[in-house]
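Letter by letter, the chains look like this.
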Number of protein chains: 2
Amino acid sequence: MKKVKGDTQIIAPFQSHKHDHEQCVADALAAAEICCKKEGLSFTPLRRLVLELVWSSHGPIGAYDILEKLRDSRRNAAPPTVYRALDFLMEHRLIHRIESLNAYVGCGDPERHHGGQFLICRDCHAVAELDDKAIGRAVSRRADALGFDVQQQTVEVIGLCAECTAETSNG
Amino acid sequence: MKKVKGDTQIIAPFQSHKHDHEQCVADALAAAEICCKKEGLSFTPLRRLVLELVWSSHGPIGAYDILEKLRDSRRNAAPPTVYRALDFLMEHRLIHRIESLNAYVGCGDPERHHGGQFLICRDCHAVAELDDKAIGRAVSRRADALGFDVQQQTVEVIGLCAECTAETSNG
DNA sequence: ATTCCTAGTGTTATAACATATCATATATTC
DNA sequence: GAATATATGATATGTTATAACACTAGGAAT
Ligand SMILES: [Zn+2]
Ligand SMILES: [Zn+2]
Ligand SMILES: [Zn+2]
Ligand SMILES: [Zn+2]
């Protein structure tokens, strides 16, 4: 996933179905290393491995799917093993949780603080991560009008990505 | 819950902590009766009771909490009893599911088609249901720009409602 | 009226997701 | 190196949701 400097609205775009995902994973891990070093966090092998598994998935992945893969290298991993790593990664914004799927996805830009806005393809499970100011503002405006003090936003949009739409209509 | 004709943006506003909730429940059940009759749906006693339990709760309520209350009158109710009723109610838009809470809440206007946008108070668990065009447009605009075909939106905002904010700051 | 079908519910079991608790190991700090 | 804090191991349990099959009541078709 490549950052697009200057465009503060798209944290992570949809990737072509054929892109080099190995590179995405490598980049994300490198970014996480830097991020953790900068904040003095202990990015242990276990946490690193869980992050790698999350990124390796083609889309949001469930905790128990992570667990299953994790057991390839850590035979006695148990649910808490995974959930503790996920908690760490979420706390430090290296991953996000997709509430509507009970699943986790790598964050496209851990260094920037942002709420989660996601477009999720029902077909290929690709995810685009946004930090769309217009959406945020629209929410804030309505909340303000009602005297509501916003603490956390969840915006998850399910649908079909451009590639899948094309493939479907070409059939 | 009173409908505000002319304002198409707020499906169901926050209610005062002291409002007559019995009346909300009664109104909602009456609306559901009409809605089901109009569409030729069988609004059975079980489904009616589950809807009543959802509405009776002060905020979003979990399936197993519904189950527990349901057992007061239906001793051998089991999870499928509840989930089947919830499925029916959701399919016909009489309730919504709050993804971020794994909980269910009565719909403030079942006759109008709308996506779910919710403000949820962390303190008193009150929920305001919106159909804010500005939010919807902001999402659509960004989705269109990415060639994404939106099928379903989840917008759930956690925070503090006006009354709770006031109570908190007053001490 | 008998047969057939369907929608709704009952019943049991299990899948899927998440946390509590206590023990052990491994780093940091002094 | 002892004390402390952090991380992980291990076991059990809690919470949310669905699968699978049986039974019933009521309407349509013959
Ligand atoms: Zn990729
Ligand atoms: Zn797709
Ligand atoms: Zn509604
Ligand atoms: Zn409140």
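Treat the numbers as computed from the prediction; the structure is a model and nothing was measured.

A word on the pattern of salt bridges
Any two side chains of opposite charge can pair, so long as their charged atoms come close to each other.
Residue and element names in this part refer to chain B.
Right, so step 1: For the structure shown, the criterion picks out 15 salt bridges over all chains.
Right, so step 2: Here Glu 39 makes a salt bridge to Arg 93, at a shortest N to O gap of 3.8 Å. With Glu 39 in helix H1 (residues 21–39) and Arg 93 in the loop between helix H4 (79–91) and strand S2 (95–98), this residue pair connects regions lying 54 residues apart in the sequence.
Right, so step 3: Using a relative accessible area of 39% as the deciding quantity, one classes Glu 39 as partly exposed.
Right, so step 4: The residue Arg 112 makes a salt bridge to Asp 109 at a minimum N-O spacing of 3.2 Å.
Right, so step 5: For Asp 109, a relative accessible area of 7% corresponds to the buried category.
Right, so step 6: Through salt bridges with shared partners, a single network forms among Asp 109, Arg 112, Asp 131 and Lys 133.

Digging into the protein's contact with DNA strand C
Right, so step 1: Around DNA strand C lies a shell of 18 residues, among which A:Tyr64, A:Arg97, B:Ser42, B:Asn76 and B:Arg84 are the nearest.
Right, so step 2: Counting only atoms of DNA strand C within 4 Å of the protein, the sugar-phosphate share comes to 51%.
Right, so step 3: Take A:Tyr64: an N or O atom from its side chain is 2.6 Å from a base nitrogen of DNA strand C.
Right, so step 4: A distance of 2.5 Å is found between a phosphate oxygen of DNA strand C and a side-chain nitrogen or oxygen belonging to B:Asn76.
Right, so step 5: Contributions of two or more residues to the surface near DNA strand C are made by helix H4 (79–91) of chain A together with helix H2 (45–56) and H4 of chain B.
Right, so step 6: The element contributing the most residues to the surface near DNA strand C is H4(A), with 4 residues.
Right, so step 7: Of the residues that constitute the surface near DNA strand C, the class distribution is 8 nonpolar, 5 polar and 5 charged.

As for the protein's contact with DNA strand D
Right, so step 1: By nearness alone, 18 residues border DNA strand D, and A:Thr44, A:Asn76, A:Arg84, B:Tyr64 and B:Arg97 come closest of all.
Right, so step 2: Each atom of DNA strand D within 4 Å of the protein belongs either to a base or to sugar and phosphate, the latter forming 52%.
Right, so step 3: In the model, a base nitrogen of DNA strand D is placed 2.5 Å from a nitrogen or oxygen of the B:Tyr64 side chain.
Right, so step 4: B:Arg97 places a polar side-chain atom, nitrogen or oxygen, 2.5 Å from a phosphate oxygen of DNA strand D.
Right, so step 5: Of all the secondary-structure elements, those providing two or more residues to the surface near DNA strand D are helix H2 (45–56) and H4 of chain A together with H4 of chain B.
Right, so step 6: At 4 residues, the largest contribution of residues to the surface near DNA strand D is made by H4(B).

The rules behind these values
- Residues numbered from 1 in each chain as written.
- Chains lettered and ligands numbered in written order.
- Predicted model: local features only at pLDDT ≥ 70, side-chain atom pairs only at ≥ 80, totals over all residues.
- Heavy atoms only, no water.
- Salt bridge = Lys/Arg side-chain N within 4 Å of Asp/Glu carboxyl O.
- Helix = DSSP H or I, 4+ residues; strand = E, 2+ residues; numbered from the N terminus.
- Buried < 20%, exposed > 50% of the residue type's maximum accessible area, 1.4 Å probe, protein only.
- Near = heavy atom within 4 Å.
- Polar contact = N/O pair within 3.5 Å; in protein donor to acceptor, adjacent residues only side chain to side chain.
- Nonpolar A, V, L, I, M, F, W, Y, C, P; charged D, E, K, R; others polar.

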